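Chain and residue survey
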Amino acid sequence: MRRGFKSQAEKSSIAARQALGITLLAPLDPWAYAAHLQVRILDFNKLGLPASVVRQLVAVDHESWSAMTIQEAQSFGIVLNPAHALTRQRSNLMHELAHIELRHVPSSVQVSETGLLLLSDYSEDQEQEADWHAAALLLPRDGLMQLRSRQQSSDQIASHYGVSRQLTEWRLRMTGVDIQIRRSGH
């Protein structure tokens, strides 16, 4: 894993929010960020997949995939699993955008019959880096500090930023926000 990726993720969060004209306390809209990065979000329901495939992907085996990035030349598109909750879709989209923004190279690539690159199978280090990057964009540390110092619960913070409680608690734990708040006497 690249050294300093955690501090770089925090800097990227600030830069992304500045580019979108939002504060650290404002929820970051992953779809707006995708548009800023010129990444298209493809509507799963408009892909023209056979009904049996749609049923398999969103009903029978909906937990087997979250999102998929495709690339044609230098253009990227992302397909999200519509069976997932909006909070999970937001996280999945930011995770895929993190891979693109960090210029991760997948360990395996599949090419469709039409020549589209279906990017998949990133290394464990790249997956962890994308997780951290996406979470920093969705839940900026300074925003977490401000909300936690106001005695906001994990559920309240998650609701505010439009993410899951689990992601919020992971981010609070991984950034040491709660420890810092306790030590400062808030």
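The structure displayed is predicted, hence computed values, not measured ones. (Residues numbered from 1 in each chain as written. Predicted model: local features only at pLDDT ≥ 70, side-chain atom pairs only at ≥ 80, totals over all residues. Heavy atoms only, no water.)

The helix and strand tally for the chain stands at nine helices and five strands. Overall, the chain shows an N-to-C arrangement of helices and strands of α-α-β-α-β-β-α-β-β-α-α-α-α-α. Evaluated residue by residue, the chain yields a buried proportion of 40% over its 186 residues. In the chain, the proportion of contacts linking residues at least 24 apart, taken out of those at least 6 apart, comes to 62%. As displayed, the chain offers around 10,300 Å² of accessible surface, 51% of which is attributable to carbon and sulfur atoms. (Helix = DSSP H or I, 4+ residues; strand = E, 2+ residues; numbered from the N terminus. Buried < 20%, exposed > 50% of the residue type's maximum accessible area, 1.4 Å probe, protein only. Contact = heavy atoms within 4.5 Å. Areas by Shrake-Rupley, 256 points an atom, 1.4 Å probe, with all protein chains shown as cover.)

What follows is about the packing of helix 6 (residues 141–149) against helix 9 (residues 177–184). Following both chains from N to C, one finds helix 6 and helix 9 inclined at 45 degrees, their axes separated by 10 Å at the closest point. With respect to helix 9, the element helix 6 is oriented oblique. Between helix 6 and helix 9 lies a crossing whose hand is right-handed. Contact residues: R141, L144, M145, R148 and S149 in helix 6; V177, D178, Q180 and I181 in helix 9. (Axes fitted to C-alpha atoms, helices over the stretch in contact; angles between N-to-C directions. Parallel < 35°, antiparallel > 145°, perpendicular 65-115°, else oblique. Left-handed = near helix turned anticlockwise from the far one by under 90°.)

Looking now at the confidence of the model for the chain. For the chain, the average pLDDT comes to 88, and 90% of its residues sit at 70 or higher. Of all helices and strands in the chain, the one with the weakest mean pLDDT is strand 5 (residues 117–120) (55), whereas helix 7 (residues 154–161) scores best (98). (pLDDT = per-residue confidence, 0-100.)

To continue, consider the pattern of salt bridges. Within the structure shown, the criterion is met by five salt bridges. One salt bridge connects D155 with R165, and the closest N-O pair in it is separated by 3.4 Å. In this pair, D155 sits in helix 7 while R165 sits in helix 8 (residues 165–175), placing the two residues ten residues apart along the sequence. Since its relative accessible area comes to 47%, D155 is described here as partly exposed. Within this structure, D155, R165 and E169 form a network of salt bridges that share partners. (Salt bridge = Lys/Arg side-chain N within 4 Å of Asp/Glu carboxyl O.)

One can find L24 in the loop between helix 1 (5–20) and helix 2 (30–36). Classification of L24 as partly exposed rests on a relative accessible area of 23%. C-alpha separation for the pair L24 and L138, spaced 114 residues apart in sequence, amounts to 9.6 Å. Ignoring sequence-local partners within four residues, the contact set of L24 consists of I14, R17, P140, D142, G143 and Y161.

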